[in-house]
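Fold and geometry: a report
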Amino acid sequence: MQNYPYSEKRADANNTRGYFNGSYSENLVAEKYEQWTAIEIKDRSLDLLGFMEKRWDINMGDEAIKLKLLNLDFMTGDM
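I will try to describe carefully the structure that is included in this document. (Residues numbered from 1 in each chain as written. Predicted model: local features only at pLDDT ≥ 70, side-chain atom pairs only at ≥ 80, totals over all residues. Heavy atoms only, no water.)

Here we come to helix H3 (residues 38–56). With 19 residues, H3 extends 27 Å from end C-alpha to end C-alpha; this agrees with the ideal 27 Å at 1.5 Å per step. Just downstream of H3, aspartate 57 is the residue with a positive phi angle, here 50°. (Helix = DSSP H or I, 4+ residues; strand = E, 2+ residues; numbered from the N terminus. Expected span 1.5 Å × (residues − 1).)

In structure tokens form, the structure reads like this:
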């Protein structure tokens, strides 16, 4: 999706580009998030770690540990 703005990446099938043409994960991002800000990136990253924990029955720790693992430990709370 290169450096196109998020609004174009999120476009529907009537446009020539957009997440509609991508993976399930890309489509889920486009459906769930109206914007793609630091908060949404943090939330999406934590969702992905939660998916991995459930899928492979592992425990990565609490949110603080997960944020450190993601190099997002500077983002405590909702900024």
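Let's shift gears to the packing of aromatic side chains. Tallied over the full model, the rule gives one aromatic pair. Here the aromatic rings of phenylalanine 51 and tryptophan 56 are separated by 6.2 Å at their centres, their planes lie at 80°, and the arrangement is edge-to-face. For tryptophan 56, a relative accessible area of 51% translates into the label exposed. (Phe/Tyr/Trp six-rings, centres within 6.5 Å; stacked < 30°, edge-to-face > 60°. Buried < 20%, exposed > 50% of the residue type's maximum accessible area, 1.4 Å probe, protein only.)

To continue, consider the pattern of salt bridges. In total, this model carries one salt bridge according to the counting rule given. Close ionic contact of glutamate 53 with lysine 66 constitutes a salt bridge, the shortest N to O distance being 2.7 Å. Note that glutamate 53 is positioned in helix H3 and lysine 66 in helix H4 (residues 63–69), a separation of 13 residues in sequence. Just as glutamate 53 is buried, lysine 66 falls in that class too. (Salt bridge = Lys/Arg side-chain N within 4 Å of Asp/Glu carboxyl O.)

A few words now on unusual backbone geometry. Leave glycine aside and you will find that most residues have negative phi; peptide bonds, for their part, are mostly trans. In the Ramachandran plot, aspartate 57 falls in the positive-phi region, its phi being about 50° despite a non-glycine side chain. Along the polypeptide, aspartate 57 turns up in the loop between H3 and H4. Of the residues examined, aspartate 57 reaches a relative accessible area of 72% and is grouped as exposed.

Next up on the list: the side chain of glutamate 40. One can find glutamate 40 in helix H3. The exposure class of glutamate 40 is buried, given its relative accessible area of 17%. If we skip the residues at most four places from it in the chain, glutamate 40 touches Tyr33 and Gln35. (Contact = heavy atoms within 4.5 Å.)

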